[in-house]
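Descriptive structure summary
Residues per chain are reported as follows:
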Amino acid sequence: ADGNTAITFAAAGQIDSGLDAGISPGAGDFSVEAWMKTTQTGIKVIAGHWAGGNVTNWWLGISSGKAQCSTRSTSNVVRTRTGTTTVNDGAWHHVVAVRSGTALVLYVNGTAEGSDPGDPGTISPTTNMIVGDFGTSGGFDWLGSVDEFAFYLSALSSTRVTAHYDARLAAPFN
């Protein structure tokens, strides 16, 4: 049997988690991670919470071939972090966004690629979390594969992020 549990979005589509306010980070810490593979360009979203327009949200995806995470608070403060590693090369990449206190940190393949020290404020989406896009408006559809997606209402430490990335070397994955 094939042990691959990745989902591949070959056309516009999304998975509605059915989870809304129960996983809203509010003003607290959170982390979102995934293994991703794509050759897309532009802004494309692995997962997020968004209702359209300038409303509170978060998302993790790519922009211009680089990993990107972004938040918009209830007071309309936007915080965005863009990585430096090209990730739209058709290979698997591990991407993690971590909000810890007032910092937003983006990790690519186990390495922090900078942070935004500005306070992202309160993030309280009212829509369901979506995998494969980030809301009801469409246009940011993920075309590619996603595996090991996870959302945490806590901040993963850099040690934990590295351990998750290094787990790819453990049997049976190597």
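Our subject in this report is the structure included herewith. This one's a predicted model, so the numbers in the text were calculated from it and none came from an experiment. (Residues numbered from 1 in each chain as written. Predicted model: local features only at pLDDT ≥ 70, side-chain atom pairs only at ≥ 80, totals over all residues. Heavy atoms only, no water.)

**Thoughts on the pattern of salt bridges**
Enumeration over the complete set of coordinates arrives at 1 salt bridge. Two residues, R168 and D166, come together in a salt bridge whose shortest N-O distance is 3.6 Å. (Salt bridge = Lys/Arg side-chain N within 4 Å of Asp/Glu carboxyl O.)

**Section: the side chain of E113**
Relative to the helices and strands, E113 is located in strand 10 (residues 111-116). R81 provides the closest opposite charge to the buried, unpaired E113, separated from it by 6.6 Å. Separated by 2.5 Å, the side chain of E113 and the backbone nitrogen of T84 make a polar contact. A distance of 2.4 Å separates the side chain of E113 from the side chain of T85, its partner in a polar contact. (Helix = DSSP H or I, 4+ residues; strand = E, 2+ residues; numbered from the N terminus. Buried < 20%, exposed > 50% of the residue type's maximum accessible area, 1.4 Å probe, protein only. Lys, Arg positive; Asp, Glu negative; His and termini not counted. Polar contact = N/O pair within 3.5 Å; in protein donor to acceptor, adjacent residues only side chain to side chain.)

**Section: the packing of aromatic side chains**
As enumerated under the stated definition, the model contains 4 aromatic pairs in all. Centre to centre, the rings of W58 and F151 are 5.3 Å apart; their planes meet at 25°, and the pair counts as stacked. Of this pair, W58 sits in strand 5 (residues 57-63) while F151 sits in strand 12 (residues 144-152), placing them 93 residues apart in sequence. As far as the burial class goes, W58 and F151 line up, both buried. Ring-pair connections join several aromatic residues into one group, and the members of that group are F30, W58 and F151. Of note, R168 hangs over the ring of Y165, and the distance from its end group to the ring centre comes to 3.8 Å. (Phe/Tyr/Trp six-rings, centres within 6.5 Å; stacked < 30°, edge-to-face > 60°. Lys NZ or Arg CZ within 6 Å of the ring centre and 35° of its normal.)

**A closer look at empty space enclosed by the protein**
Taken as a whole and judged by the stated rule, the model has 1 cavity of 30 Å³ or more. Lining the largest cavity are F30, V32, W58, W59, C69, S70, T71, A97 and L104. Sorting the residues of the lining of the largest cavity by element identifies strand 3 (30-38), strand 5 and strand 6 (66-72) as the ones contributing at least two each. If you tally residues by element for the lining of the largest cavity, the top one is strand 6, at 3 residues. Of the residues belonging to the lining of the largest cavity, the class tally is 7 nonpolar, 2 polar and no charged. (1 Å grid on protein atoms, 1.4 Å probe; cavity = no way out; pocket = protein on both sides within 12 Å on 5 of 7 lines; lining within 4 Å. Points joined across faces, edges and corners; volume = space filled by probe spheres on them. Nonpolar A, V, L, I, M, F, W, Y, C, P; charged D, E, K, R; others polar.)

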